[in-house]
Amino acid sequence: MKLGFIGTGKIASSIILGIFKSKLKVSQVYISSRNRNIAKKLSQKFKKIKIIKDNQEIINKASHVILSVTPEVGKKILPKLNFKNKKIISLISTIRINQLKQLCRSSSVAKAIPLPPIENRLGPIVICPANKAAKNIFKYLGEVVEVSNEKFSYRFWSAAALMATYYEMLNTTTNYLTTKGVNNTKATKYVGKLFLALTKDALLKQRSFKQLVVESQTPNGINMQVLKELKKGKFFNKLKKSLKNINKRLSK
Ligand SMILES: NC(=O)c1ccc[n+]([C@@H]2O[C@H](COP(=O)([O-])OP(=O)(O)OC[C@H]3O[C@@H](n4cnc5c(N)ncnc54)[C@H](OP(=O)(O)O)[C@@H]3O)[C@@H](O)[C@H]2O)c1
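Cut-off values and rules
Residues numbered from 1 in each chain as written. Predicted model: local features only at pLDDT ≥ 70, side-chain atom pairs only at ≥ 80, totals over all residues. Helix = DSSP H or I, 4+ residues; strand = E, 2+ residues; numbered from the N terminus. Buried ≥ 20, exposed ≤ 12 C-beta atoms within 10 Å, placed from the backbone. Contact = placed C-beta atoms within 7 Å. Core = buried A, V, L, I, M, F, W, Y, C linked by C-beta atoms within 7 Å. Axes fitted to C-alpha atoms, helices over the stretch in contact; angles between N-to-C directions. Parallel < 35°, antiparallel > 145°, perpendicular 65-115°, else oblique. Left-handed = near helix turned anticlockwise from the far one by under 90°. Nonpolar A, V, L, I, M, F, W, Y, C, P; charged D, E, K, R; others polar. Near = placed C-beta within 6 Å. Pairing = 2+ DSSP bridges.

K.L.:
Explain the overall build of the protein to me, please; I cannot follow it from the model alone.
P.N.:
Tallying secondary structure elements over the protein gives 12 helices and 8 strands in all. Its C-alpha atoms give the protein principal-axis dimensions of roughly 65 × 40 × 30 Å. Across the 252 residues that make up the protein, the buried fraction comes to 25%. Look at the contacts in the protein between residues 6 or more apart in sequence, and 50% of them connect residues 24 or more apart.

Here you go:
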């Protein structure tokens, strides 16, 4: 398998780092010279990586082409490229499959939603529609979730859009501990391990999150207090509203 990346940014870099920790058999990875620094670092780290300036040349050499540019760049550059019969996997969130097919003048297009933990072969990866070529790559890098309906896949994008908010919750909690005198390394480790344990335990026990919300509260205990205070401040209503807003934005 010869992979070609159009755009070597944050997510392309995470995927490539994941690939070289995995058992996926790649003979060559062609990456775009943009971003220059990321491309340089990756090519210095892995012998199988070759930096190519010209996007068309990347496509010509690759068997699978991964579109990892922003939507604005994608709309500008894709119509000028000839994808021939290459397998195209787009990571671009806001360009729909039909539009991608038109822009690339190809019917062989699937979308995927990898997230940065893919670098450590962690996390779910949504593929839409079910696509053998995409699955044969991403099954080595995390847990593949195939979704046949594109509109339906936006619901998963909405959940994935909580990444920064999730980290902000961990960050706020860590900062609170450090302002109260806990050493920063200890605070970071404690908070990280705490949230990891809660999620892992829930999945291992196959308990619903709803059940766990109930079971985690002692009557008039500290968990109950925090939950009550946040509910009073409409924290969860606002969260739900944001999820809806993302779904609306993607469905436009
Ligand atoms: N980050 C995530 O967690 C994530 C997850 C899933 C999907 N996505 C999607 O993946 C896409 C990329 O996201 P990202 O976070 O990786 O963005 P990013 O870090 O900004 O990467 C985009 C890359 O495209 C390069 N580029 C710009 N013009 C180009 C051109 N003409 N030819 C080739 N490459 C060009 C940029 O290079 P320069 O820096 O030189 O301009 C940059 O390295 C987006 O559509 C995003 O929605 C991202």
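K.L.:
Would you explain the nonpolar core in this entry?
P.N.:
Note that soluble globular proteins tend to have their nonpolar side chains buried in a common cluster. The biggest cluster of nonpolar side chains holds 43 residues, and the ones touching the most others in it are Ile31, Ile66, Leu67, Ala112, Ile125 and Ile127. With 5 residues, helix α1 (residues 10-19) is the single largest residue contributor to this core. Excluding its chain neighbours within four sequence positions, the residues that come into contact with Ile66 are Leu3, Gly4, Phe5, Ala12, Ile89 and Leu91.

K.L.:
Explain the packing of helix α8 (residues 163-179) against helix α9 (residues 184-205) here, please?
P.N.:
Between two packed helices, both the angle of their axes relative to each other and the distance between the axes serve to describe the pair. Two numbers describe how α8 lies on α9: the axes approach to 9 Å, and their chain directions differ by 140°. When the interaxial angle is binned, α8 and α9 end up oblique. When you trace α8 past α9, the crossing you get is right-handed. Of α9, the residues touching α8 (which contributes Leu170, Thr173, Thr174, Leu177 and Thr178) are Asn184, Ala187, Thr188, Val191, Gly192 and Phe195. Along the lines of polarity and charge, the residues of the contact of α8 with α9 split into 5 nonpolar, 6 polar and no charged.

K.L.:
For this particular structure, what's the right way to read the site of the ligand?
P.N.:
For the ligand, the set of nearby residues contains 24 residues, the closest of which are Gly7, Gly9, Lys10, Arg34 and Asn35. Of all the elements in the fold, those that place two or more residues in the shell around the ligand are α1 and α4 (71-77). When grouped by side-chain class, the residues that make up the shell around the ligand number 13 nonpolar, 9 polar and 2 charged.

K.L.:
Just to check I follow, could you spell out the sheet that holds strand β4 (residues 64-67) for this structure?
P.N.:
Strand pairing in a sheet takes place through backbone hydrogen bonds and is either antiparallel or parallel in direction. Taking strand neighbours across the sheet as the criterion, the 8 strands line up as β3-β2-β1-β4-β5-β6-β7-β8 in an open arrangement whose pairing is mixed. Pairing within the sheet leaves two strands with one partner each, and these edge strands are β3 (49-52) and β8 (143-146). Each neighbouring strand pair of the sheet contributes to a mean axis angle of 25°, computed without reference to strand direction. Pairing analysis gives 4 bridges linking strand β7 (residues 124-128) to β8, with the strands arranged parallel. Looking across to β8, one finds that Pro124 is bridged to Glu143.

K.L.:
So what exactly am I meant to see when it comes to helix α11 (residues 222-232) here?
P.N.:
Within α11, only 0 of the 11 residues are buried, which leaves the element largely exposed. With its phi angle positive at about 60°, Lys234 sits one or two positions after the end of α11.

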